[in-house]
Amino acid sequence: MQLKIMPKKKRLSAGRAPLMLFLCQMISALEVPLDPKLLEDLVQPPTITQQSPKDYIIDPRENIVIQCEAKGKPSPSFSWTRNGTHFDIDKDPLVTMKPGSGTLTINIMSEGKAETYEGVYQCTARNERGAAISNNIVIRPSRSPLWTKEKLEPIILRNGQSLVLPCRPPIGLPPPIIFWMDNSFQRLPQSERVSQGLNGDLYFSNVLPEDTREDYICYARFNHTQTIQQKQPISVKVISVDELNDTIAANLSDTEFYGAKSHRQRPPTFLTPDGNTSRKEELRGNVLSLECIAEGLPTPIIYWIKEDGTLPINRTFYRNFKKTLQIVQVTEADSGNYQCIAKNALGAIHHTISVTVKAAPYWIIAPQNLVLSPEEDGTLICRANGNPKPRISWLSNGVPIEIAPDDPSRKIDGDTIIFSKVQERSSAVYQCNASNEYGYLLANAFVNVLAEPPRILTSANTLYQVIANRPALLDCAFFGSPLPTIEWFKGAKGSALREDIYVLHENGTLEIPVAQKDSTGTYTCVARNKLGMANNDVHLEIKDPTRIIKQPEYAVVQRGSTVSFECKVKHDHTLIPTVMWLKDHGELPNDGRFTVDKDRLVVADVNDDDGGTYTCVANTTLDNVSASAVLSVVAPTPTPAPIYDVPNPPFDLELTDQLDRSVQLSWTPGDDNNSPITKFIIEYEDAMHEPGLWHHQTEVPGTQTTAQLKLSPYVNYSFRVMAENNLGRSLPSEASEQYLTKAAEPDKNPTAVEGLGSEPDNLVITWKPLNGFESNGPGLQYKVSWRQKDGDDEWTSVVVANVSKYIVSGTPTFVPYLIKVQALNDAGFAPEPAAVMGHSGEDLPMVAPGNVRVNVVNSTLAEVHWDPVPLKSIRGHLQGYRIYYWKAQSSLTRNRRHIEKKILTFQGSKTHGMLPGLEPFSHYTLNVRVVNGKGEGPASPDKVFNTPEGVPSAPSSLKIVNPTLDSLTLEWEPPSHPNGILTEYTLKYQPINSTHELGPLVDLKIPANKTRWILKNLNFSTRYKFYFYAQTAAGSGIQITEEAITTVDEGKLAGILPPDVGAGKAMASRQVDIATQGWFIGLMCAVALLILILLIVCFIRRNKGGKYPVKEKEDAHADPEIQPMKEDDGTFGEYRSLESDAEDHKPLKKGSRTPSDRTVKKEDSDDSLVDYGEGVNGQFNEDGSFIGQYSGKKEKEPAEGNESSEAPSPVNAMNSFV
């Protein structure tokens, strides 16, 4: 098989022990390492490692050295050809070859001439495995000929005329570098008015009197020979007619002046190139240089544009005051027409240069060396490109492959050589030559057939030291044929690697992306192939990172004072750090005022030059860290700071080069207000479609004052420019002139195309129309096309006005359609749009779901299952299934009620769902229907089911009537929701004494058919608390509570009267005048005063958030059957639910006394069904099961009322507030 190299990186995750990191390299170009130990017995064909350039220009005054170096095993021998024939160096005493090398030295310094050795040389390196050849090296001596003698007449011309001073240097090899100087060897100043052309001539757009001089000298420098040739000086005199005296004017005619142009102002004309158009050809990869030099008065300015394109930003440079345009690394894409524009106040002129980029051959895929094992296959690929397309030819060991010895394992297929089942004799060096008229490429690639066991080239027991949390790279350079596989182990062989992720590189290197302390250890690299195995150990140590724990701090000091910066470093104890200080990223000044000790830099006698950034750098052999601080030196007399602001708006906007799809905008920047302009923002207004609305067009760097803008058709453009600096953006400039572009066909089609039916027999096609800016021209319309997706029908099309909808009638029900909407206007059609799929209208489903089953889960929940309906019968998009269910009649009363149907919808293709919130002990009916976008299908047959019994609700009311000294009568109404058959009632009660403590609890069972009960043998004048609830077979229901008081014993009351009040008739007769008795008045005043004091105390405690006495008393009445609860937070009127056991045995608070009729009303249950389907608040799992808890609301607190229906007596009042 062919040896291959794997991709650059391969991530491997830790797995079972031992974890082996496996390398399978995919090789197409394996270089045999030149390791001395490896090369002792490893054969390798020759490879050219160094050679002289193809075009080799030599200095004729020095010896000629032609390089040719090669490697191989055995060491190759060398030979040369000259001009295609063997070059016998032994016969030429001036030629010697470097020992062990093919490099030639031709000694022409002692005798001989360089011209004698001009020619084409080629080197061949050969050993027993093949022969490699060098490029054709063309040797030419450099030449620096003298200038031709010529007589140069003085040039006299008027002020303002144009002038060209020719240079015409001698032709040298290589071409000379041209420059103009004076007799003092000072370069002549150049500007937009005076500049040197690419041909070396000196161009004056217009001359001035200061141009007068007698020493305009053109110099040619020949670098190879290090000589400079000088042209004869040229004399130029610039005069005006007014300066000529009459004698000169009489003896000097106009024709003796240079030219005959007027010195008055004139529009530009080009001095070079000639005409309106020219052509330029350049090779790919070279520098394209285009030149335009114009004359005129005032001096013209040159601009450059590329027609139908933009200049490459990163490769375009302007030279010679923008008279030369250069594009580096030119490519075929740079071909095209370039236009230079010369402009002054009197007009403009342009010249078009047609550029064609050709290409010498360049590599797409260069052939690479192959190392193969016997019986393996491989390929050599030689792929090149160029303009024109290069021709590919192959050589074997330097001989054209057509006449080379035949090799049965080799097959040539154009630019590819295919090898099959190679043998050792197949080893050779192949040359690929790609050539066209502009040059050639030559590449050597050997095929080396080897059978070698694995070898590891990395030194054994290499120690790697790495900083923690950084990558660690452990090398394992290897070689073998067939190519070995690589495995890595940590620790003793066979132990598992513990890290999560490793990266194995193609050269066998193991990378630990984030090395930790536990990465320390010994790692073993093992290389295997079918001929053997090799291994090598390397060691890894992880070091602590170097840190700066005390950094230098920013300082502001006055001139003449002393400042110090501190820098404390913490490092690994095995590493030795070095600390150095820098100022402004350079060395500290060599000044005794700067002193450095271990952790500190001190600067004494600070002056203004000491201000800047000081950096502490700590280096170890493995890492470095740095920290910086700024020193600001305060000047004695601060100077006023300049005023900084946003730029002023640009002005003088101008549109040029107005084309259909582009225009050039130029402007003049406003004042930058002491902050350089970073960029210009260009906006446009479309006065035709969106007048008054400005849109972002583009941005250009702050150094650019022109922009080539891309335009859309049929838009009335205006432009404005804003400048931006670090402080913000300027106001917009004035708008430019308007520019209306020509109409064109639309560039795009409508978006959001949809097809949906509104009726069973139609298809409604809708789309988002183009806006006016996108229309590209007048007469915007749309071509609407449609056809059935699964049929063979042709497209049906109709053209509609600028609307957003079209209805197709007479379509079959719910059929998929392919739809296209194409924009067009008076100029033509937009590009062909992509088809989208839609559907014609839906109709109601035809079939009801079948096999409906109900599983009653409990008394309030049931699960429903059904079979799905066939998809074809749905006749639309399946929305889901809908369950209708209703309570037909009560299982207890069997009384027919008003039927209220409830609905649950289950999305998608679900075939089961849960019905929550059912009433216990009830008779239900349901059916199921399928739903599509049109509506519901027919209902399934009704399915009937019953819910089991549940616990009852609380009794509807509880009254306590007819209180006597020792009895109370209880009356109640049965629960409004018995949820089954009532079996009995449970009544619990207990007394409450004067200190609000609860007495023993009495439990009493009452038959279910009773609604009245008399409790006897009660204590007189005693408060009782009652707990009452109903029961069914399912359990106890919700309880209701009430409190009541037995009547007062009047004999006891008489005991507290004064002694002069008798009993019987005497008491009755004296009671008539009781209100006039002093003792009674005093008693009532005392009671009133006590009540007033208690009310005031309650009011004060309420405002302070404290507890009321009532609350304290109720806390004392804790249920004796339960443990005491923690104190409430003291909020008035806050009570727990009636379902709370802790609260059930407490007396009612003041805020929850029963009404005067002593009736507690149980409101109708406001339990709401937590629907689980679509459109309700329920939630379902994916299988349709119910999520969450369904429960009714708790009973409301009893309304506040009097404690008793009787008028309160003084004793009762006392009991209430004591």
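In case you missed it, the structure is sitting above this.
Along each chain, residues carry numbers from 1 onward, in the same order as the chain's sequence is written. Totals for whole chains, interfaces and linings use all residues, but because this is a predicted model, local features are given only for residues with pLDDT of at least 70 and pairs of side-chain atoms are given and counted only at 80 or more. Side-chain metrics rest on all non-hydrogen atoms present in the structure, leaving aside hydrogens and water.

K.L.:
Explain the overall build of the chain here, please?
P.N.:
Numbering of helices and strands runs from the N terminus; a helix is a DSSP stretch of H or I covering at least four residues, while a strand is a stretch of E covering at least two. Across its full length, the chain carries 10 helices and 90 strands. Out of the 1218 residues in the chain, the part that is buried amounts to 43%. Whether two residues touch is decided by their heavy atoms; if any such pair falls within 4.5 Å, the residues are in contact. Sequence-distant contacts in the chain: of pairs separated by 6 or more residues, those separated by 24 or more amount to 67%. The method behind every accessible area is Shrake-Rupley, applied with a 1.4 Å probe, and residues are considered shielded solely by the protein chains displayed. For the chain, the accessible area works out to roughly 63,200 Å², and carbon and sulfur atoms hold 51% of it. Accessibility here uses a 1.4 Å probe with only protein chains present; expressed as a share of the type maximum, an area under 20% marks a residue as buried, one over 50% as exposed, and anything in between as partly exposed.

K.L.:
What should I look at first to understand the sheet that holds strand E43 (residues 485-490) in this one?
P.N.:
Backbone hydrogen bonds are what pair the strands of a sheet, in a parallel or an antiparallel way. Two strands qualify as a pair provided that DSSP identifies no fewer than 2 bridges between them. Spatially, E40-E47-E46-E43 is the arrangement adopted by the 4 strands of the open sheet, whose pairing is mixed. Whereas interior strands pair on both sides, the edge strands pair on one side only; in this sheet they are strand E40 (462-467) and E43. Neighbour to neighbour, the strand axes of the sheet diverge by 25° on average, direction disregarded. Across 6 bridges, E40 lies against strand E47 (residues 532-543) in parallel orientation. Within E47, the position partnered with Thr462 by the bridge is Val538. Between N-to-C directions, angles cover 0 to 180 degrees, with each direction set by a line fitted to C-alpha atoms, over the stretch in contact for helices.

K.L.:
What should I look at first to understand the packing of aromatic side chains in this one?
P.N.:
How two aromatic rings sit relative to each other is set out by the distance from centre to centre and by the angle between their planes. Two aromatic rings from Phe, Tyr or Trp, using only the six-membered ring of Trp, form a pair when their centres are within 6.5 Å; if the ring planes differ by under 30 degrees the pair is stacked, by over 60 it is edge-to-face, and anything between is tilted. Counted under the stated rule, the structure contains 21 aromatic pairs. Ring geometry for Phe185 versus Tyr219: centroids 5.9 Å apart, planes at 45°, classification tilted. Of the two residues, Phe185 sits in the loop between strand E15 (177-181) and strand E16 (194-196) while Tyr219 sits in strand E18 (residues 213-222), which places them 34 residues apart along the sequence. Overall, the relative accessible area of 54% leaves Phe185 in the exposed class. What makes Tyr219 buried here is its relative accessible area of 3%.

K.L.:
Help me understand the side chain of Thr986 in this model?
P.N.:
Among the structural elements, Thr986 can be located in strand E83 (residues 982-992). Within polar-contact distance, the side chain of Thr986 engages the side chain of Lys1005 at 3.1 Å. Ignoring sequence-local partners within four residues, the contact set of Thr986 consists of Asp1003, Leu1004, Lys1005, Tyr1027, Phe1028, Tyr1029 and Gln1031. N or O atoms closer than or at 3.5 Å make up a polar contact, with two conditions inside protein: a donor-capable atom paired with an acceptor-capable one, and, for residues adjacent in sequence, both atoms drawn from side chains.

K.L.:
How do you make sense of the sheet that holds strand E37 (residues 428-436) when you look at a structure like this?
P.N.:
Spatially, E30-E38-E37-E33-E34 is the arrangement adopted by the 5 strands of the open sheet, whose pairing is mixed. Whereas interior strands pair on both sides, the edge strands pair on one side only; in this sheet they are strand E30 (370-372) and strand E34 (399-400). With 9 bridges connecting them, E37 and strand E38 (residues 439-449) associate as antiparallel partners. By the bridge assignment for E38, Ala434 is matched with Leu441.

K.L.:
Looking at this structure, how should I read the environment of Asn536?
P.N.:
With respect to the helices and strands, the residue Asn536 is situated in strand E47. Residues Asn536 and Ser459, 77 residues apart in the sequence, show an inter-C-alpha distance of 8.0 Å. Once residues lying within four places of it in the same chain are set aside, the contact partners of Asn536 are Ile456, Thr458, Ser459, Ala460, Asn461, Tyr523, Thr524 and Cys525. In terms of polar contacts, Asn536 uses its side chain to reach the backbone carbonyl oxygen of Thr458, at 3.4 Å.

K.L.:
Help me understand the environment of Ile234, please; the structure alone is not making it clear to me.
P.N.:
Mapped onto the fold, Ile234 is located in strand E20 (residues 234-239). In this structure, the C-alpha to C-alpha distance between Ile234 and Cys218, residues 16 residues apart in sequence, is 8.9 Å.

K.L.:
What am I meant to see in the state of the cysteines here?
P.N.:
Disulfide: a covalent bond connecting the sulfur atoms of a pair of cysteines. The criterion for a disulfide is a pair of cysteine sulfur atoms lying within 2.5 Å. Applying the stated criterion across every chain, the model contains 6 disulfides. Cys68 shares a disulfide with Cys123; S-S distance 2.0 Å. Its torsion about the S-S bond being -70°, the disulfide of Cys68 and Cys123 is classed as left-handed. Separated by 55 residues along the polypeptide, Cys68 in strand E5 (residues 68-73) and Cys123 in strand E10 (residues 119-127) bring together distant segments of the chain. Residue classification places Cys68 among the buried residues on the basis of a relative accessible area of 0%. With a sulfur-sulfur separation of 1.9 Å, Cys167 is cross-linked through a disulfide to Cys218. An S-S torsion of about -65° defines the bridge between Cys167 and Cys218 as left-handed.

K.L.:
Sorry if this is basic, but what is going on with the pattern of salt bridges here?
P.N.:
Where charged atoms of side chains with opposite charge meet at close range, the side chains can pair. For this analysis, a salt bridge means a side-chain nitrogen from Lys or Arg found within 4 Å of a carboxyl oxygen belonging to Asp or Glu. On inspection of all chains with the given rule, the structure shows 42 salt bridges. Residues Glu971 and Arg1012 are paired through a salt bridge, measuring 2.1 Å at the closest nitrogen-oxygen approach. Of this pair, Glu971 sits in strand E82 (residues 968-975) while Arg1012 sits in strand E85 (residues 1012-1015); the two residues are 41 residues apart in sequence, bridging distant segments of the chain. A relative accessible area of 37% places Arg1012 in the partly exposed class. Look at the salt bridges and you will find they share partners, linking Lys679, Glu699, Glu724 and Arg729 into a network.

K.L.:
Looking at this structure, how should I read the pairing of E5?
P.N.:
Remark: a regular strand shows side chains that alternate across the two faces of the sheet. Across the 6 residues of E5, 5 count as buried, placing the element largely inside the fold. Bridge count between strand E2 (residues 44-51) and E5: 5 bridges; the pairing is antiparallel. Residue pairing across strands places Gln50 opposite Glu69, the latter belonging to E5.

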